[in-house]
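An overview of the molecular structure
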Amino acid sequence: MKRNFIAGEWVKGDDCAENINPSDTRDVIGAYARASRFQATEAISAAHAAAPQWAESTPQQRAEVLDKVGSEILARHSELADLLAREEGKTLADARGEVLRAAQIFKFFAGEALRIHGGLAGSVRAGISVEVAREPVGVVSIITPWNFPIAIPAWKIAPALAHGNAVVFKPADLVPASAWALAEILSRTDLPAGCFNLVMGRGREIGDVLLEDSRISAVTFTGSEVTGRRIAAACVSRKGPMAKFQLEMGGKNPLVVLDDADLDLAVDCAINGAFFATGQRCTASSRLVVTKGIHDRFVAAMVARMSALRVGDARKPGTIIGPVVDAAQLREDLDYVDIGRREGAMLTGGHFREQIDGKSGFYLEPALFVATTNDMTINREEVFGPVAAVIQVADAEEALAVANDTEFGLSAGVCTTSLKMASLFKRKLEAGMVMVNAPTAGVDPHVPFGGRKASSYGPREQGPHAAEFYTTVKTAYVQP
Ligand code: NAD
């Protein structure tokens, strides 16, 4: 059984869970400990005890630890990608991309650890100078979802440690293997015991411990909006000081295709954004908002391309779409397919395939709804699977209004050959990330990531902006 990592030791849980391959449900990847509530508290105690020492570490020490982690991920990227594809179900190519990104993130924050600068200002009072410095926040709880099992942990753990914080990390219970592999790499660095702790288990069983303990100074969360709201409430209403919190949640991302778009490019963007990684990306293009002059050609080209999207075992060469992550997510996706049909939308694909190549997995053919309106349930609620809907609109003005008519605001895209339209949509789309002639999903590791409205709360993640969350600013007034 793979154990939790607490105070520098590998410890058994009270209980354990089997990690199942969604491409082949007979394949058990391993048994992973589930931490008890007591162990979660022990992890917090360990982090709290270690935090002052790590806060005093030199930038060079932090850089060396993070660089070493990045180098090992790079050196082992094929093995780690295979593990990721096996437990989560994204294709080997996508898994490799995710693992390499995790390595890049550790390397980037190794550099950031050496670039933590303050500022100096004059005072309005004579004889006084003002210093502005960034300090670690203390102990950070890191709670992550299942859809990016190594990249999201990396983009939270690396900046937390780079800025001198201690960490208690709880990965999603569906995908503990990649998280455990990352923890094992961290366990062999020169991080002092207790600076990094791994507690695996279910959010509903140990999650509240990681929010309510007043020794936790900050909580960074990525996951669903429902859980995000719970986390916000717990951080604010707990006894003692409130916890700082950062939430990255759902999306209902529009990809606008205007009459003047390059059709092939627009279809590439839509197929990638809607269906790659089995549509299980918070940045997936789930609403394809298409003006009427190009609509019929766009739909015909999409349907033609979809027939070539081979669904199958995530690790089999040639697979384009891997399985849905588990039975519960599959059921939810199929329910939305039914809802779309009942609301009168026309469907291509969307069938459950019980077996492919003799393997039982959670296989779902990509689903494209046409003749939909923006008020249908499938266009309002996040469907976390390979399901997209085309909404026909009259012109660019209506496209913009429909694109922004959603409670979410993570990513948005436009396909157009007009510079004027590209500039207009770039300015007016209400999203944290805007893509011009590019899929709504697929982002760089060194620049800010995050959204607006119900998609996000708090400072941006990644790139130099990550400092906002992982540090607290001190202003010192000095009279010599
Ligand atoms: P989820 O909200 O079910 O779980 C996320 C994490 O929260 C898991 O580790 C879970 O164990 C934990 N959790 C659950 N209940 C908790 C509680 N009461 N207290 C503390 N922790 C708790 O989300 P999921 O199903 O794992 O992930 C899918 C969701 O994540 C989608 O909505 C997707 O859009 C979102 N997501 C967002 C981004 C982004 O950056 N905006 C990125 C990836 C995924």
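Residues numbered from 1 in each chain as written. Predicted model: local features only at pLDDT ≥ 70, side-chain atom pairs only at ≥ 80, totals over all residues. Heavy atoms only, no water.

Topic: the domain arrangement of the protein chain
Definition in use: Those domain boundaries reflect an automatic or database domain assignment. Contact criterion: two residues are considered in contact whenever any of their non-hydrogen atoms come within 4.5 Å of each other. By convention, the term buried area covers the 1.4 Å-probe accessible surface removed from two parts as they join, with the contributions of both added. A carboxyl oxygen of Asp or Glu within 4 Å of a side-chain nitrogen of Lys or Arg is what we treat as a salt bridge. Polar contact criterion, stated in full: a pair of N or O atoms within 3.5 Å, where within protein one must be able to donate a hydrogen and the other to accept it, and residues adjacent in sequence count only if both atoms are side-chain atoms. Strands here are runs of E lasting at least two residues and helices are runs of H or I lasting at least four, both read from the DSSP assignment and numbered beginning at the N terminus.
Split by domain assignment, the protein chain resolves into domain 1 (4-249 + 455-478) and domain 2 (253-436). Taking only C-alpha atoms into account, the centre of domain 1 sits 31 Å from that of domain 2. Taken together, the contact pairs 26 residues of domain 1 with 29 residues of domain 2. When domain 1 packs against domain 2, close to 2,100 Å² is buried across both sides, 55% of that on carbon and sulfur atoms. It is Ser23, Trp146 and Ser455 in domain 1 that bury the most area against domain 2; as a group they hold 25% of the surface buried on that side. Our count for the domain 1 to domain 2 interface comes out at 1 salt bridge. At the surface where domain 1 touches domain 2, the tally comes to 9 residue pairs in polar contact (both at pLDDT 80 or more). With 4 residues, the top contributor of residues to the side of domain 1 that touches domain 2 is helix α3 (residues 77-88).

A short note on the site of the ligand
Our working rule: Put simply, a residue is near a molecule or strand once any heavy atom of it comes within 4 Å of that molecule or strand. Residue exposure ignores everything except the shown protein chains as possible cover, and the areas themselves are Shrake-Rupley values with a 1.4 Å probe.
Lining the immediate environment of the ligand, one finds 25 residues, of which Thr144, Ser224, Thr227, Met249 and Glu382 sit closest. In the model, an oxygen atom of the ligand is placed 3.1 Å from a nitrogen or oxygen of the glycine 203 main chain. One nitrogen or oxygen atom from the main chain of glycine 223 is found 3.3 Å from an oxygen atom belonging to the ligand. Compared with its free state, where it exposes 860 Å², the ligand has 88% of that area covered by protein.

Let's talk about the sheet that holds strand β17 (residues 367-372)
Which entries qualify depends on this criterion: A pair of strands is labelled paired if DSSP reports no fewer than 2 bridges between them. Axes, fitted as lines to C-alpha atoms, cover a helix only where it is in contact. Angles between the N-to-C directions of the axes lie from 0 to 180 degrees.
Spatial ordering of the open sheet is given by β14-β17-β18-β13-β12-β20-β21, a layout of 7 strands whose pairing is mixed. Here the strands that pair on one side only, and so sit at the sheet edges, are β14 (346-349) and β21 (433-436). Direction aside, neighbouring strands of the sheet carry axes that sit 20 degrees apart on average. Note: strand β12 (residues 253-257) against strand β13 (residues 285-291), 5 bridges, orientation parallel. By the bridge assignment for β13, valine 256 is matched with valine 289. Packing against the sheet, helix α14 (residues 396-404) makes contact with β12, β13 and β18 (387-393), and its axis sits at approximately 160 degrees to β13.

Some details on the environment of tyrosine 32
Here tyrosine 32 is to be found in strand β4 (residues 28-34). Sequence separation between tyrosine 32 and alanine 345 is 313 residues; the distance between their C-alpha atoms is 42 Å. Not counting chain neighbours up to four residues away, the residues in contact with tyrosine 32 comprise Met1, Lys2, Asp15, Cys16, Ala17, Asn19, Pro176, Ala177, Trp180 and Met200.

A few points about the layout of surface pockets
Unfilled space is identified by rolling a water-sized probe across the atoms. Selection criterion: Buriedness for pockets is judged along seven lines, at least five of which must meet protein on both sides within 12 Å for an open set on the 1 Å grid over protein atoms alone, while cavities are sets there where a 1.4 Å probe fits but cannot get out, and lining residues have an atom within 4 Å of a point. Grid points are joined across faces, edges and corners, and a volume is the space filled by probe spheres set on the points.
Estimates place the volume of the largest pocket at around 1,500 Å³. What lines the largest pocket is a set of 50 residues, and nearest its centre among them are Trp146, Asp173, Gly223, Ser224 and Thr227. Elements that contribute at least two residues to the lining of the largest pocket include exactly β3 (15-20), α7 (203-206), α8 (209-212), β10 (218-222), α9 (225-237) and α12 (327-342). The greatest single-element share of the lining of the largest pocket, amounting to 6 residues, is contributed by α9.

Considering the side chain of asparagine 379
The cut-off we apply is this: Residue exposure (1.4 Å probe, protein chains only): buried if accessible area is under 20% of the type maximum, exposed if over 50%, otherwise partly exposed.
Residue placement: asparagine 379 occurs in helix α13 (residues 377-380). Looking at asparagine 379, the relative accessible area reads 0%, which means it is buried. For asparagine 379, the residues in contact, after removing those within four places along its chain, are Lys252, Ser286, Arg287, Thr372, Thr373, Asn374, Ala389 and Ile391.

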